[in-house]
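Structural characterization, general
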Amino acid sequence: MRRQGGLRAGGGWARRAGIAIWARSTFDAVGDGGGDAGARHTVVRRYAPSERCGGRAVVCEPGVALGTAPAAVRLETLLAAVTAAGVPIKDVSFGAAGGSFTVPLLNVPDWESARRALCAAVPALELSAPLCAVSVVGDGLAATAEPLLRFLGALSSCGAAPVATHAGALRLGALLDSSHAGAAQRALHAAFVE
């Protein structure tokens, strides 16, 4: 365990400096140091040399509900309620101040019944629907704040105000009023893909 933690920490420094780390199997002969063709190894680096960092595609998911809960709601209570109601959730984010999650409504045949069951089990829960989720997917989208600023700027340029925003290394996403879906997709495609 200690060794892995050290590799992870060292990998972060090497990644930021653009240094590749070669991890070879201790069961294969190393040879002359020139790299045996048959030797098993893994190369760890920030990006493969031929890869372009940034957005690669824009996706839109219509029919999404946003759930928000105050600090009084425990995550375990929420998970028990969604399991009992048969509701799938994703993008779960919970902390001391409360949290949020999304529900893909395409996978919920009777949303109104499920909504009533969730609100009965967790009275403090707020559910907003229908919304759409627009996302830019790619690589290195959280390496700096610039991609998120560009993402928000593109949404602002078409008059789309995010209800919620998510940023990760592989995806930048926002929940929007469904009326902005088409314009948001076009603006994000122009900003990241074209």
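Residues numbered from 1 in each chain as written. Predicted model: local features only at pLDDT ≥ 70, side-chain atom pairs only at ≥ 80, totals over all residues. Heavy atoms only, no water.

**Structural notes on the sheet that holds strand E7 (residues 164-167)**
For clarity, the threshold we go by: Any two strands with at least two DSSP-identified bridges between them are counted as paired. Numbered from the N terminus, helices here are DSSP runs of H or I no shorter than four residues, and strands are runs of E no shorter than two. To get an axis, a line is fitted to the C-alpha atoms, and for a helix only the part in contact is used. The angle between two axes follows their N-to-C directions and goes from 0 to 180 degrees. Here a residue-residue contact requires only that any non-hydrogen atoms of the pair lie within 4.5 Å.
Pairing within the open sheet is antiparallel, and its six strands lie in the order E4-E5-E3-E6-E8-E7. A single partner strand is all that each edge strand has here, and the edge strands are strand E4 (90-95) and E7. Going across the sheet, the axis of each strand differs from the next one's by a mean of 30°, ignoring polarity. In terms of strand pairing, strand E3 (residues 54-70) meets strand E6 (residues 126-139) through twelve bridges, oriented antiparallel. Across the sheet, residue Thr68 finds its bridge partner in E6, namely Glu126. Sheet strands in contact with helix H3 (residues 111-121) are E3, strand E5 (98-104) and E6, and its direction is about 105° off that of E6. Sheet strands touched by helix H5 (residues 181-192): E3, E6 and strand E8 (171-177). Its angle to E6, the strand with the most contacts, is close to 20°.

**Here we look at the packing of helix H4 (residues 146-157) against H5**
For any two helices packed against each other, the geometry is given by the interaxial angle and the distance between the axes. Test applied: When describing relative orientation, an angle under 35 degrees is termed roughly parallel and one over 145 degrees roughly antiparallel, while 65 to 115 degrees is termed roughly perpendicular and anything else oblique. Crossing handedness is defined as follows: a turn of the near helix away from the far one that is anticlockwise and smaller than a right angle gives a left-handed crossing, while the clockwise case is right-handed. Gly falls in the polar group here, along with every residue not listed as nonpolar (Ala, Val, Leu, Ile, Met, Phe, Trp, Tyr, Cys, Pro) or charged (Asp, Glu, Lys, Arg).
Two elements in contact, H4 and H5, have axes separated by 8 Å at closest approach and are oriented at 140°. As far as their axial angle goes, H5 and H4 are oblique. Crossing handedness for the pair H4 and H5: right-handed. Of the residues in H5, those touching H4 at Pro147, Arg150, Phe151, Ala154, Leu155 and Ser157 are Ala184, Ala187, Leu188, Ala191 and Phe192. Looking at side-chain class alone, the contact of H4 with H5 contains nine nonpolar, one polar and one charged residues.

**What to know about the confidence of the model for the protein chain**
Threshold: What pLDDT reports is the predictor's confidence in each residue, on a scale of 0 through 100.
Considering every residue of the protein chain, the mean pLDDT works out to 84; 73% of them sit at 70 or more. Here residues 1-8 is a poorly scored stretch, pLDDT under 50, and it has zero contacts once near neighbours within four places are set aside; other chains count.

**A closer look at the pattern of salt bridges**
Put simply, the test is: Take a side-chain nitrogen of Lys or Arg and a carboxyl oxygen of Asp or Glu: if they are within 4 Å of each other, that pair is a salt bridge.
A full pass over the atoms with the stated rule returns five salt bridges. Asp139 is paired through a salt bridge with Arg56; the nearest N and O atoms lie 2.8 Å apart. With Asp139 in strand E6 and Arg56 in strand E3, this residue pair connects regions lying 83 residues apart in the sequence.

**Structural notes on H3**
Note the cut-off: The cut-offs for exposure are 20% and 50% of the maximum accessible area for each residue type, with area from a 1.4 Å probe on protein chains only; residues under the lower value are buried, those over the upper are exposed, and the others partly exposed. When we speak of the arc, we mean the arc of directions from the helix axis to the C-beta atoms.
Those residues of H3 lying buried are Trp111, Ala114 and Leu118. For H3, the angular spread of buried residues about the axis comes to 65°, placing them on one side. Exposed positions of H3 whose direction lies more than 90 degrees from the buried face are Arg116 and Ala120. Considering only its buried residues, H3 is in contact with E3, helix H2 (75-85), E5 and E6.

**Examining the state of the cysteines**
Stated formally: In what follows, a disulfide is any cysteine sulfur pair within 2.5 Å.
This structure, assessed with the given rule, holds zero disulfides. No disulfide involves Cys132; its sulfur sits 4.4 Å from that of Cys60, the nearest cysteine. The class of Cys132 is buried, set by a relative accessible area of 1%. Not engaged in a disulfide, the cysteine Cys158 finds its nearest cysteine sulfur in Cys132; these two sulfurs lie 10.0 Å apart.

**Comments concerning H2**
Among the residues of H2, those classed as buried are Leu78, Ala81 and Val82. Down the axis of H2, the sector holding all buried residues measures 95°, keeping them to one side. Those residues of H2 that are exposed and angled more than 90 degrees off the buried face are Glu76, Thr83 and Ala84. Following H2 by one or two positions, Gly86 adopts a phi angle in the positive range, close to 70°.

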